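Spelled out, the chains give:
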Amino acid sequence: MTALALQEPPTENSARERTARTTGAEEAIAPTVAPAAPVGKSGLSSPQPTASKSEASSDSQQGGAKPEPEPEPEPEPSKPTSPSKKPPSSSHPSASSWKSIRAVNYPDRYWHLRSGVIQLDRVSSRSGGETREDSTFQVVSGLSDSSCYSFRMEDGRYARHQNFRLRVDRNDGSKLFKQDATFCPRRSFNSDAIMLESVNYPGRFLRHRDFVLRLEPMENSRLYWSDTAFRLVDGLA
């Protein structure tokens, strides 16, 4: 006797169940892979384009992205500066030339020897011969520094500072005398004029005060710049 088994045709629901079982098995077998973090400084940032080799090299050398350029600082206000050590060429006399030294702010007054000291007196071409002679100096190389000046009178005496006042004395050959009689020309803020700095008292310049010539420290004042400015002109004698 033959038994016949009747198989129910597959329905749509049974097909879905088989598909679900198969898919669940596959998902259980497949390894779990964590999604890759997006490229960038933070895992929460959006993906960034990959940098070229040159950009990557530059960033690695600089330690990261290039900083924003800082704003340029505002220029500082100009400050007074010390006089230049180079005198104007027009006021640089030739060696052993005879000159008279005239004040810039008192152009009718010159260095003039009176009673053993040098003062700023009124002298002109109409003055007596002795007065004009006592207002004329031979400009020679400095006794202590050949790049500076010494001022010699016709009788052989030199202008030198003593107790910070300008006077004349004979050269005794001492080191002190040579230094006291040596003055270095510095560029003045007045055109074609010079300042005269002591070689053994740097920072002190010859200045006229009450028409007496003194060695005084530098000051930042208009009056000081004027009182220390002199022009070397043709000798009056």
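Our subject is the structure that appears above.
No experiment lies behind these values; they were computed from the predicted model shown. (Residues numbered from 1 in each chain as written. Predicted model: local features only at pLDDT ≥ 70, side-chain atom pairs only at ≥ 80, totals over all residues. Heavy atoms only, no water.)

All right, on to the overall build of the chain then. A count of helical and extended segments in the chain gives five helices and 12 strands. The contacts in the chain between residues at least 6 apart in sequence include a share of 50% that link residues at least 24 apart. Carbon and sulfur atoms make up 50% of the accessible area of the chain, which totals about 16000 Å². (Helix = DSSP H or I, 4+ residues; strand = E, 2+ residues; numbered from the N terminus. Contact = heavy atoms within 4.5 Å. Areas by Shrake-Rupley, 256 points an atom, 1.4 Å probe, with all protein chains shown as cover.)

Generally, phi is negative for residues other than glycine and the peptide bonds are trans, each holding for most cases. You will see that Ser115, though not glycine, has its phi angle at about 55°, which is positive. When you line up the elements, Ser115 lands in the loop between strand E2 (109-114) and strand E3 (117-122). Even without a glycine there, the phi angle at Asn163 is positive, about 55°. Looking at where Asn163 falls in the secondary structure, it is placed in the loop between strand E6 (158-162) and strand E7 (165-169).

This brings us to the side chain of Ser150. Relative to the helices and strands, Ser150 is located in strand E5 (residues 149-152). When its relative accessible area of 0% is taken as the criterion, Ser150 is described as buried. Polar contacts involving the side chain of Ser150 include one to the main-chain amide nitrogen of Leu143, which spans 3.0 Å. (Buried < 20%, exposed > 50% of the residue type's maximum accessible area, 1.4 Å probe, protein only. Polar contact = N/O pair within 3.5 Å; in protein donor to acceptor, adjacent residues only side chain to side chain.)

Further remarks concern the packing of aromatic side chains. Both the distance between ring centres and the angle between the ring planes are used here to describe each pair of aromatic rings. If you walk through the whole model with that rule in mind, you get 10 aromatic pairs. Judged by centre distance (5.2 Å) and plane angle (75°), the ring pair of Phe164 and Tyr201 falls under edge-to-face. Here the residue Phe164 occupies a position in the loop between E6 and E7, and Tyr201 occupies one in the loop between strand E9 (194-198) and strand E10 (204-209), the gap between them amounting to 37 residues. Ring geometry for Phe189 versus Trp225: centroids 5.1 Å apart, planes at 65°, classification edge-to-face. Linking Phe189 in the loop between strand E8 (183-187) and E9 with Trp225 in helix H5 (residues 222-227), this pair joins segments that are 36 residues apart in sequence. Take Trp225: its relative accessible area is 14%, and that puts it in the buried class. A network of ring pairs unites the aromatic residues Trp111, Phe137, Tyr149, Phe151, Phe183 and Phe230 as a single cluster. The ring centre of Phe211 lies 3.8 Å from the NZ or CZ of Arg109, which sits over that ring. In this structure, Arg204 packs its charged tip against the face of Phe164, placed 4.2 Å from the ring centre. (Phe/Tyr/Trp six-rings, centres within 6.5 Å; stacked < 30°, edge-to-face > 60°. Lys NZ or Arg CZ within 6 Å of the ring centre and 35° of its normal.)

For the coordinates displayed, the defined rule picks out one disulfide. The residue that forms a disulfide with Cys148 is Cys184, at a sulfur-sulfur distance of 2.0 Å. Between Cys148 and Cys184, the S-S torsion sits near 80°, and that sign places the bridge as right-handed. Pair noted here: Cys148 is in the loop between strand E4 (137-141) and E5 and Cys184 is in strand E8, with a separation of 36 residues, a long-range link. Neither Cys148 nor Cys184 differs from the other in exposure class; each is buried. (Disulfide = S-S within 2.5 Å.)

Extensive coverage of E9 is indicated by the burial of five of its five residues. The alternating pattern of E9 places Ile194, Leu196 and Ser198 on one face and Met195 and Glu197 on the opposite face, and all of these are buried. Pairing of E8 with E9 involves five bridges; the strand directions are antiparallel. Bridge assignment links Cys184 to a residue of E9, and that residue is Glu197. (Pairing = 2+ DSSP bridges.)

So, on to the side chain of Arg109. The residue Arg109 is located in strand E2 in this model. Within the buried core, Arg109 has no salt-bridge partner, and the shortest N-O distance to an opposite charge, that of Asp121, equals 4.5 Å. Side-chain polar atoms of Arg109 contact the backbone oxygen of Leu120, separated by 3.0 Å. Look past the residues within four positions of Arg109 in its chain and what remains in contact with it is Ile101, Arg102, Ala103, Leu120, Asp121, Arg122 and Phe211. (Lys, Arg positive; Asp, Glu negative; His and termini not counted. Salt bridge = Lys/Arg side-chain N within 4 Å of Asp/Glu carboxyl O.)

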